[in-house]
Amino acid sequence: KNYHNLYWISKRHYGENSPDLLKLIDRIGRWHLQAYELEPGPSSFSHLVSAEQLYNKAVETIEMQSGKHDLRLLNALYGIALTNYQIAAQISSVEDLEDIRTGFRNSNQARRTLQVQYARQDMILRSYTKGKAAMNHIVDIHANNPILPIDTQAMAMTHLGDWYLLFNKRN
């Protein structure tokens, strides 16, 4: 609640899309990830959603101010990838998706089970796609910033390869 209030006050003071908010957004995003890690599960799933929203806001702000190849994007993009990995891992491990996804109102159990499987697959695919886009963006930033050491570009490509492996995309 205190972080929410601090963010709200800072947005009013600096403005909705101010680069002065970036450090605070990163701090709050990391706090949400740590809060989730302390007690992973459906009850703290909202921390992952909040962290992803904050990192998306940071990317939007930086791109609006400085373009798509600004080095400050790297941290926020890694944050997006990490939160989406955590989201996919939580969705794949939770037994009852009702804790995460509400809205199944069909009383037919067989159809409901099928719907749950499709919903689970869809949500994991969305997380995979968002994380993949973030990782590709990171590789693109490294490719467009020749001032960066070549080993960091290789590391970014390795992280992208790891992303594929985490989701069993071996091709």
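Structural notes on the layout of surface pockets
So, step 1. Roughly 280 Å³ of internal volume is contained in the largest pocket.
So, step 2. Forming the walls of the largest pocket are Lys1, Asn2, Tyr3, His4, Tyr7, Ile28, Trp31, His32, Ser50, Gln53, Leu54 and Lys57.
So, step 3. Secondary-structure elements contributing two or more residues to the lining of the largest pocket are helix H1 (2–14), helix H2 (22–38) and helix H3 (45–66).
So, step 4. Taken together, the residues that form the lining of the largest pocket break down as five nonpolar, five polar and two charged.

Section: the confidence of the model for the chain
So, step 1. Confidence in the prediction for the chain averages 86 pLDDT; 88% of positions are at 70 or higher.
So, step 2. When pLDDT is averaged over each element of the chain, helix H6 (residues 150–166) comes out on top at 94 and helix H5 (residues 109–143) at the bottom at 84.
So, step 3. Within the model, pLDDT remains below 50 along residues 101–110, and this stretch shows 10 contacts once partners closer than five positions in the same chain are excluded.

Overview of the side chain of Ser44
So, step 1. Here Ser44 lies in the loop between H2 and H3.
So, step 2. Apart from residues no more than four positions distant in its own chain, Ser44 is found in contact with Tyr36 and Glu39.

Here is what the cut-offs are and how they apply
Residues numbered from 1 in each chain as written. Predicted model: local features only at pLDDT ≥ 70, side-chain atom pairs only at ≥ 80, totals over all residues. Heavy atoms only, no water. 1 Å grid on protein atoms, 1.4 Å probe; cavity = no way out; pocket = protein on both sides within 12 Å on 5 of 7 lines; lining within 4 Å. Points joined across faces, edges and corners; volume = space filled by probe spheres on them. Helix = DSSP H or I, 4+ residues; strand = E, 2+ residues; numbered from the N terminus. Nonpolar A, V, L, I, M, F, W, Y, C, P; charged D, E, K, R; others polar. pLDDT = per-residue confidence, 0-100. Contact = heavy atoms within 4.5 Å.

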